[in-house]
Amino acid sequence: MTVDDTGSGADADGRVNPPPAPGPFDQEDPQAADSGEDPLTLRLETLILGAERRYTPFQAARSAGVSMELASRFWRAMGFADIGQAKALTEADVLALRRLAGLVEAGLLSEAMAVQVARSTGQTTARLAEWQIDSFLEGLTEPPEPGMTRTEVTYPLVELLLPELEEFLVYVWRRQLAAATGRVVQAGDDEEMVDRRLAVAFADLVGFTRLTRRMEEEELGELVEAFETTAADLVAARGGRLIKTLGDEVLYAADDAGTAAEIALRLIETMANDETMPELRVGMAFGTVTTRMGDVFGTTVNLASRLTSIAPRDAVLVDSACAEELIRAGEAPASEAEAAEAAATAEKEGEEPPAYRFALQPMWQRPVRGLGVVEPWLLTRRNGES
């Protein structure tokens, strides 16, 4: 077969064979030529977004029927940088603007609430997307053959995975929304929907800063991922809610002190049985907590953080309010003397003695910056309960 300068070939019978059809990485992209961007990056963007760039921000705002000011607020709230008047937006961007603005016009959301919806969604999905690219696609897009680029593998992989991941994301979101709605409906009054009494706890890896100087980056990343995964699984399995992870620290919350205490001790026990993990310490407090955009704030949260910083290694410290709540709920005795008295009384009356899960030991009182003098309590299991 001969090949001419156009790339077409002729076989032995003289028939001319057309050049092979261009693949997704061979085509010239007019958008890339106009913007000076990598054409492969633009094709991946078009594949993921499902539409090509058509609008400048001004054109998108006008098509959506919203002001440029509001459109810019939505765009920044979702976590995207200003793009001037570059033609970088799609029909999906216009539709999103129209939907948010429509919720405001219908009176279902205030403008401030719509911006907050955009911000909370943007922050949550940004982290999810970064995680999927860093931990998921990176491992799957190793070129299977020499000479292939990562991009050549990524495009068909994203094409296959995109609809499945999208459906799974919507499923998990609906499940989480149902659970969150249930908690709100069960709240006693409107104030409890925002300011609620919760148990919050921080679990912190001991000596993490020193580890960062001794371990390779890949090893450190694996350790952090293992810690976060273990913590997330334990918190979810025991009925708590993981609020956020901070590398060497996790913050979780629970509706009752007993659930939070069980999670704390399970975390300590699980990490202690893993030789690859550093020691852990947990600080927990119970009280009124303000919830915003999936996060928690207030004095109770600050106190839990301070207790974590002074907790002994492989131990759990709780504040006095948490200790009182555990005692009130029958989860722990006020003292061993009281437990012995209750057991003796039950035996005398032919009844089962109280089944306390936890033991509480008062620690030294000490001043805590910004919170005055606090009295921590050491939380342990009672009589080897597990």
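Scoring rules and cut-offs
Residues numbered from 1 in each chain as written. Predicted model: local features only at pLDDT ≥ 70, side-chain atom pairs only at ≥ 80, totals over all residues. Heavy atoms only, no water. Helix = DSSP H or I, 4+ residues; strand = E, 2+ residues; numbered from the N terminus. Buried < 20%, exposed > 50% of the residue type's maximum accessible area, 1.4 Å probe, protein only. Contact = heavy atoms within 4.5 Å. Areas by Shrake-Rupley, 256 points an atom, 1.4 Å probe, with all protein chains shown as cover. Expected span 1.5 Å × (residues − 1). Arc of directions from axis to C-beta. Salt bridge = Lys/Arg side-chain N within 4 Å of Asp/Glu carboxyl O. Pairing = 2+ DSSP bridges. Phe/Tyr/Trp six-rings, centres within 6.5 Å; stacked < 30°, edge-to-face > 60°. Lys, Arg positive; Asp, Glu negative; His and termini not counted. Axes fitted to C-alpha atoms, helices over the stretch in contact; angles between N-to-C directions. Parallel < 35°, antiparallel > 145°, perpendicular 65-115°, else oblique. Nonpolar A, V, L, I, M, F, W, Y, C, P; charged D, E, K, R; others polar.

Caption draft 1: Focus on the overall build of the protein. The helix and strand inventory of the protein stands at 13 helices and 13 strands. Out of the 386 residues belonging to the protein, those deemed buried represent 34%. Restricting the contact set of the protein to residue pairs at least 6 apart, pairs at least 24 apart contribute 61%. Looking at the protein as shown, the accessible area adds up to about 23,100 Å², and 52% of this sits on carbon and sulfur atoms.

Caption draft 2: A look at helix 9 (residues 217-237). The terminal C-alpha atoms of helix 9, which comprises 21 residues, lie 30 Å apart, in line with the 30 Å expected from a rise of 1.5 Å per residue. Those residues of helix 9 lying buried are Leu220, Leu223, Val224, Phe227, Ala231, Leu234 and Val235. Taken down its axis, helix 9 places every buried residue within 110° of arc, on the same side. In this structure, helix 9 carries Glu218, Asp233, Ala236 and Ala237 as exposed residues pointing more than 90 degrees from its buried face. Gly239, located one to two residues past helix 9, shows a positive phi value of around 90°.

Caption draft 3: The arrangement of the environment of Ala201 in detail. You can see Ala201 is positioned in strand 4 (residues 195-205). What makes Ala201 buried here is its relative accessible area of 0%. As for Ala201 and Ile243, which are separated by 42 residues in sequence, their C-alpha atoms are 9.8 Å apart. Those residues in contact with Ala201, other than ones at most four positions away along the chain, are Val250, Leu251, Tyr252, Val282, Gly283 and Met284.

Caption draft 4: Fine view of the pattern of salt bridges. The final tally for this structure, using the stated rule, is 16 salt bridges. Glu336 is the salt-bridge partner of Arg382, the closest N and O atoms lying 3.2 Å from each other. In this pair, Arg382 is assigned in the segment after strand 13 (377-381) and Glu336 in helix 13 (residues 336-348), connecting sequence segments 46 residues apart. Taking relative accessible area as the criterion, Glu336 reaches 47% and is therefore assigned partly exposed. Salt bridges here are not isolated pairs; linked through shared partners, they connect Glu262, Arg266, Glu269, Glu331, Arg357 and Arg381.

Caption draft 5: Structural view of helix 2 (residues 39-49). For helix 2, the complete set of buried residues consists of Leu42, Arg43, Leu44 and Leu47. Gly50 occupies a position one or two residues after helix 2 and carries a positive phi of about 75°.

Caption draft 6: Highlighting the pairing of strand 9 (residues 315-318). What you see with strand 9 is no split at all: Ala315 and Leu317 on one side and Val316 and Val318 on the other are buried throughout. Where strand 7 (residues 280-292) and strand 9 come together, four bridges link them in parallel fashion. Residue pairing in the sheet places Gly283 in a bridge with Leu317 of strand 9. Two elements, strand 9 and strand 13, share three bridges in a ladder whose sense is antiparallel. Considered in strand 13, the bridge of Val318 is made with Trp377.

Caption draft 7: The arrangement of the packing of aromatic side chains in detail. Under the defined criterion, the tally for this structure stands at two aromatic pairs. A ring pair is formed by Trp75 and Phe80, whose centres lie 4.7 Å apart and whose planes are at 35°; its orientation type is tilted. Owing to a relative accessible area of 42%, Phe80 belongs among the partly exposed residues under this scheme. Ring geometry for Phe168 and Tyr171: centres 6.0 Å apart, planes at 40°, overall tilted.

Caption draft 8: The arrangement of the side chain of Asp319 in detail. Along the chain, Asp319 falls in the loop between strand 9 and helix 12 (320-328). No salt bridge is formed by the buried Asp319; its nearest oppositely charged neighbour, Arg197, is found at 8.5 Å. Those residues within four positions of Asp319 in sequence are excluded, and the remaining contacts are Met284, Ala285, Phe286, Leu303, Leu307, Glu375 and Trp377.

Caption draft 9: Summary view of the packing of helix 10 (residues 257-272) against helix 12. Running from amino to carboxyl end, helix 10 crosses helix 12 at an angle of 110°, the nearest separation of the two axes being 9 Å. Comparing the axis directions of helix 10 and helix 12 gives the class roughly perpendicular. Judged by residue contacts, Ala257, Gly258 and Ala261 of helix 10 engage Cys322, Glu325 and Leu326 from helix 12. In terms of residue class, the contact of helix 10 with helix 12 is built from four nonpolar, one polar and one charged.

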